[in-house]
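# Coordinates in review
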Amino acid sequence: MKFKILFVFLLNLVLFSSAKIDNTAPGFTLKNEYGELISLSDFSGKTVILEWTNHECPFVKRHYETENMQSLQKEYTADDVIWLSIISSAPNKQGYVTNQESIKLTTNRNASPTHVLFDTEGVVGKKYDAKTTPHMYIIDKNEVLRYDGAIDDLGMTGALFSTDLSLAKNYVRLAINSIADNKEITNKKTRPYGCSIKYP
Amino acid sequence: MRIFWAILLNLAIHAEVARTDNAEISIIGFNNYIETPGEVQLGYRFKLTPGWHTYWINPGDSGGPVEFIFTEGNAFNISDISWPGPEKIPYPPLMTYGYTDEVVFPFTIDLKDLEDKEITIKTRFLVCDEICIPEQTELVLLLKNQFLNVTQNSSLLSRWLGRLPLRAPPDLEIKKEQQKLAFSFNDIDEESYYFPISDKEFDFSSSQLQIDNTLNVELYPDFTGPAQGILKAGANYYTIDVPFAENYSANQLNLIMAIVFAFIGGLILNLMPCVLPVVALKAFSLVKSAEESNTSVAINALVYVLGVVLTFMGIAVTLLVLKNSGELIGWGYQLQSPIVVSSLSILIFLVGLILLGNISLGSTLSKLENKNNSQGLVGSFFTGALSVIVASPCTAPFMGAALGFALVQPDIISLSIFFSLAIGFAAPYFLFAIKPDLIRFLPKPGIWMEQLKQLFGLMMIGAALWLLWVLSLQISADSLIVVLIAWFVGGLIIWIISQTINIAFKFGVVFLLVTGYLTIFDWNLEKKELQTDSVNTWKTEYEQELRLSDSPYFINFTAAWCITCQVNEAIAFTNTVEEKFKIKGITYLKADWTNRDESIFKELQKYQRSGVPTYVLWHAKLNEPILLNEVLTESYLLRMIDEI
């Protein structure tokens with residue numbers, strides 16, 4: 001009997017340890033740009049948006065150069081949504097930055113994430129099965145993973161050269177709206193596009 | 001002299017090479033002098049910084065495919081590019097698909113005339129090694145004095161044309177078992193890999209296990225098909241395009257659903273016109289036994305149930321044995337055999353006669369409705385068996401899906417579905433077996449039973465006539481007469497048996513009649529010559545042609561012996577629907593499975609079906625044909641057509 005309980009417990013651990021849509025989002029603790037430890041659980045009761053990023057990736061660049069990403073960040077952080085920009089690039093790989101550089105990047109790009117988090121080992125990225133930059137996730141107030149995928153429907157090459165990103169169908173916005181209206185999200189899992197995450 | 005001018009002109013328009021930071025792009029061809037209008041094979045050549053790569057149509061986990069944009073019209077009628085077989089470019093834990101160092105994307109132009117013309121082609125692409133760089137450039141394609149400004153490089157162009165995916169050969173087998181895709185082919189080796197077009201099939205980074213000549217791919221748990229992509233095997237790439245699952249209607253049955261449907265289907269089977277009279281007989285005997293002891297009723301009903309279940313399972317086992325021995329059979333196979341149809345028609349006709357004439361057969365069939373003695377029990381058992389055999393032509397709508405599902409499953413699951421069907425069929429009597437008291441609720445016996453019995457007798461003869469019609473589509477007119485004479489001889493035999501005369505004499509006459517019949521008439525029923533060359537006859541090649549020309553089509557998989565099919569055709573294929581077909585330009589194809597036909601069977605299997613009716617609709621907007629419901633109505637059909 002005891003073994004059975006242990007088994008169920010272990011099974012739960014295994015199941016919950018990787019991200020699955022409409023299930024509890026896997027927890028994590030990472031250091032932010034000021035060296036503080038930040039946990040997902042710090043934000044229970046709030047909607048959390050995860051943005052995998054790499055400032056040198058052309059796809060990410062394009063979303064920042066057009067102010068597309070910043071305006072989303074501003075709009076949602078003002079609305080009490082937590083925005084976590086996560087960098088899973090390993091040291092010496094593209095997109096890796098030090099704390100100082102990251103603070104500077106945020107100022108220079110006029111970005112407003114709640115925190116920039118460093119996942120240098122790639123553990124959290126792999127837990128969420130994050131593949132590209134940008135790769136977006138939305139976790140609702142009950143810590144349930146509600147969205148996993150691309151930022152918009154431009155997809156692959158189109159996103160790089162297309163002139164107006166604001167005309168795209170922004171999946172993050174649609175998902176956030178659906179959550180606010182208590183509706184089912186139409187596209188809760190989409191195909192992420194962009195550069196590969198530079199895991200160690 | 002001409003050659004001299006040609007060389008001179010050739011020098012005048014030099015081939016263009018566009019350079020970006022990490023790529024050199026040019027258009028290559030077999031020849032740059034164009035003698036006659038028509039199609040010309042060319043290719044865009046991308047020479048990348050050594051070690052760098054660009055992407056296939058499906059880039060995998062990251063990156064993106066190259067794009068070409070024609071800025072001013074398309075005077076050259078430039079085709080879309082073809083995608084040569086890619087290579088794996090892994091970045092653990094991610095996987096991407098593309099081309100390292102160099103790639104040529106073949107395309108064609110179609111010249112209507114040889115006048116000078118010019119077009120600017122914009123191209124956007126990603127070149128990557130660890131990191132990715134988006135680049136774009138413009139190429140000018142020029143036709144001047146019959147010279148194209150392309151680089152002549154036949155060997156390079158041929159090499160990349162040779163990397164285009166080929167049509168999969170017939171011995172390349174693709175199977176889906178549980179959530180695994182298995183490719184079996186002679187040329188499969190450790191280099192083999194299946195590149196999917198979409199991200200819906202499996203995790204790109206999951207490993208593909210090759211064992212001997214088989215390549216196994218673990219699919220996503222929610223994969224429902226289609227599998228589309230290219231398979232690298234040996235030196236070649238092959239196009240893979242298997243629909244596997246059905247997207248529409250409730251055909252994605254799981255086991256529980258299939259079992260429930262089989263049960264309900266079994267219940268409904270009791271009401272089918274060819275079954276009702278036989279089961280009514282049983283019901284009547286139950287009514288008559290109302291005065292008897294409960295145990296007697298229970299035993300009688302139970303034996304009947306046993307007869308039903310054993311016969312059903314007998315059919316199921318036969319079916320599975322045939323299937324496992326490689327015979328191509330689906331549900332309804334028994335009615336594809338003229339011998340079986342003939343025998344059934346005779347049997348049903350005779351049962352009809354017995355009911356109609358209220359003939360007392362002394363020692364034989366009338367015992368079907370007898371009481372609880374040993375002979376009565378034997379009668380009960382055989383009534384059960386008889387009702388199953390008679391029921392076999394009537395595949396109820398529910399059963400189509402359930403049995404179709406059953407036959408493509410592992411044997412143990414097939415058997416449990418058949419078992420559920422049998423139980424459903426016998427359920428009403430099973431109720432009496434466990435609760436004989438219920439019998440008191442049945443109406444009292446009386447003259448109505450005689451009247452009903454006669455009506456049922458007529459229904460049986462009607463069912464026999466229907467089987468004759470099926471036969472008329474299967475065998476020649478001469479053979480049909482042979483069967484009709486068997487009806488007559490059967491009638492004679494029954495009449496003789498019912499007479500009150502010496503038993504030895506009876507058997508003598510019966511023996512003479514049977515042997516006489518068998519010596520005179522040949523039961524090697526001749527196949528009817530089929531006319532299959534009508535425009536509406538389904539053929540794989542014909543369907544393929546329609547697909548290639550983007551014209552929509554509807555396939556009606558049907559058979560004369562399939563009642564559901566006949567009802568559907570009568571109810572749903574109205575003039576309005578026919579009009580709609582014409583307006584929308586939908587080609588109507590009929591795949592008639594009245595007789596055995598391997599190609600139809602294989603086509604049905606593609607949709608994971610093993611029986612008719614099956615309705616398939618395809619139009620240019622769909623990747624794969626969709627399956628419609630098995631029960632058609634006019635409004636449903638119109639709605640489906642309207643979506644085109």
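Residues numbered from 1 in each chain as written. Chains lettered and ligands numbered in written order. Predicted model: local features only at pLDDT ≥ 70, side-chain atom pairs only at ≥ 80, totals over all residues.

Within chain A, the regular secondary structure consists of seven helices and nine strands. For chain A, with 200 residues in total, the buried portion stands at 41%. At a minimum sequence separation of 6, the contacts of chain A that also span at least 24 residues come to 75%. (Helix = DSSP H or I, 4+ residues; strand = E, 2+ residues; numbered from the N terminus. Buried ≥ 20, exposed ≤ 12 C-beta atoms within 10 Å, placed from the backbone. Contact = placed C-beta atoms within 7 Å.)

Each helix and strand counted, chain B has 17 helices and 24 strands in total. Here chain B holds 644 residues, and 37% of them are scored as buried. Considering only contacts within chain B whose residues lie at least 6 apart along the sequence, 77% involve residues at least 24 apart.

Turning to the UniProt feature "transmembrane region" (unreviewed entry) in chain B, a few remarks are in order. Residues and elements named next belong to chain B. The UniProt feature table records "transmembrane region" (unreviewed entry) at residues 255-280, 301-322, 342-365, 377-406, 412-434, 455-473, 479-497 and 504-525. The span residues 412-434 is 100% helical and 0% strand by assignment, and the distance between its end C-alpha atoms comes to 28 Å. The span residues 504-525 carries 77% helix and 0% strand; its end-to-end C-alpha distance comes to 33 Å. (UniProt positions renumbered as here; feature names shortened; annotations may be inferred.)

All names here are of chain B. Taken together, the four strands give an open sheet; going across it, the order is β22-β21-β23-β24, and neighbouring strands pair in mixed fashion. Where the open sheet ends on each side, the last strands, each with one partner, are β22 (587-592) and β24 (626-627). Taken together, the five bridges between strand β21 (residues 553-558) and strand β23 (residues 614-618) define a ladder with antiparallel strand orientation. Each bridged residue has a counterpart across the sheet, and for Ile555 the counterpart in β23 is Val616. (Pairing = 2+ DSSP bridges.)

Listed per partner, the contact involves 19 residues of chain B and 18 residues of chain A. Broken down by element, the side of chain B that touches chain A gets its largest block of residues, four residues, from strand β10 (residues 132-144) of chain B. Along the lines of polarity and charge, the residues of the side of chain B that touches chain A split into ten nonpolar, four polar and five charged. (Nonpolar A, V, L, I, M, F, W, Y, C, P; charged D, E, K, R; others polar.)

Before going further, it helps to examine the packing of helix α5 (residues 294-324) of chain B against helix α9 (residues 411-434) of chain B. Residue and element names in this part refer to chain B. Across the interface, α5 lies against α9 with an axial gap of 9 Å and an inter-helix angle of 160 degrees. One way to sum up the angle between α5 and α9 is to call them roughly antiparallel. The chirality of how α5 crosses α9 is right-handed. Here the residues of the contact of α5 with α9 sort into 24 nonpolar, one polar and one charged. (Axes fitted to C-alpha atoms, helices over the stretch in contact; angles between N-to-C directions. Parallel < 35°, antiparallel > 145°, perpendicular 65-115°, else oblique. Left-handed = near helix turned anticlockwise from the far one by under 90°.)

All names here are of chain B. Neither face of strand β16 (residues 193-196) is exposed, since Tyr193 and Phe195 on one face and Tyr194 and Pro196 on the opposite face are all buried. Of the strand pairs in this sheet, β16 and strand β19 (residues 227-233) are connected by four bridges, and their pairing is antiparallel. Residue Tyr193 lies in a different strand from β19, and its bridge partner there is Lys232.

Residues and elements named next belong to chain A. The sheet built from seven strands is open, its strands ordered β2-β1-β5-β4-β3-β7-β8 with mixed pairing. Edge strands, defined here as strands with exactly one partner in the open sheet, are β2 (37-39) and β8 (145-149). Neighbouring strand axes in the sheet, compared pairwise and without regard to direction, differ in orientation by 30 degrees on average. Where strand β1 (residues 29-32) lies against β2, three bridges are found, and the strand directions are antiparallel. Considered in β2, the bridge of Lys31 is made with Leu37.

All names here are of chain B. The buried count for strand β7 (residues 94-100) comes to five of seven residues, which makes it a mostly enclosed element. Two elements, strand β4 (residues 53-60) and β7, share four bridges in a ladder whose sense is antiparallel. Bridge pairing in β7 links Thr54 to Tyr99. In the sheet, strand β6 (residues 87-91) pairs with β7 via five bridges, with the strands oriented antiparallel. If you follow Lys88 over to β7, its bridge partner there is Tyr97. Here β6 folds back onto β7, and the loop between the two strands holds two residues.

Between Thr133(A) and the following residue, Pro134(A), the backbone shows a cis peptide bond with an omega angle of -5 degrees. Position of Pro134(A) among the secondary structure elements: in the loop between β6 (132-133) and β7 (135-139). Along the chain, Pro92(B) connects to Pro93(B) via a cis peptide bond; the corresponding omega equals 5 degrees. Inspection of the secondary structure puts Pro93(B) in the loop between β6 and β7. The phi dihedral of Gln146(B) is positive, around 65 degrees, even though this residue is not glycine. Looking at the element boundaries, Gln146(B) is found in the loop between β10 and β11 (147-148).

Next up on the list: the environment of Pro93(B). Overall, the presence of 17 C-beta atoms within 10 Å leaves Pro93(B) in the partly exposed class. C-alpha separation for the pair Pro93(B) and Asp61(B), spaced 32 residues apart in sequence, amounts to 9.6 Å. Excluding residues that lie within four positions of it along the chain, Pro93(B) makes contacts with Lys126(A), Tyr199(A) and Ser205(B).

Residues and elements named next belong to chain A. Inspection of the secondary structure puts Val48 in strand β3 (residues 48-52). Overall, Val48 belongs to the buried group, with 21 C-beta atoms counted inside 10 Å. A sequence separation of 36 residues divides Val48 from Leu84, and the C-alpha atoms of the two residues are 7.3 Å apart. Leave out the neighbours within four places in its chain, and Val48 touches Leu40, Phe43, Ile82, Leu84 and Ile139.

For the rest of this paragraph, the subject is the confidence of the model for chain A. Model confidence for chain A is summarised by a mean pLDDT of 86, while 89% of its residues fall at 70 or above. Counting contacts from residues 1-16 of chain A, a segment whose pLDDT is below 50, to residues more than four positions away or on other chains yields two contacts. (pLDDT = per-residue confidence, 0-100.)

Further remarks concern the packing of helix α6 (residues 338-357) of chain B against helix α10 (residues 447-474) of chain B. Residue and element names in this part refer to chain B. For the pair α6 and α10, the least separation of the axes is 8 Å and the interaxial angle reads 160 degrees. Relative to α10, α6 is oriented roughly antiparallel. Crossing of α6 against α10: the hand is left-handed. Looking at the contact of α6 with α10 residue by residue, the class counts come to 18 nonpolar, six polar and one charged.

Residues and elements named next belong to chain B. Averaged over every residue, the pLDDT of chain B is 81; the share at 70 or more is 86%. This stretch, residues 246-252, has a pLDDT under 50; its non-local contacts, to residues over four places away or in other chains, come to 16 contacts. A low-confidence stretch, residues 362-372 (pLDDT under 50), is modelled with 26 contacts involving residues beyond four sequence positions or located in other chains. Interface scoring of the predicted complex returns ipTM 0.82; its pTM is 0.54.

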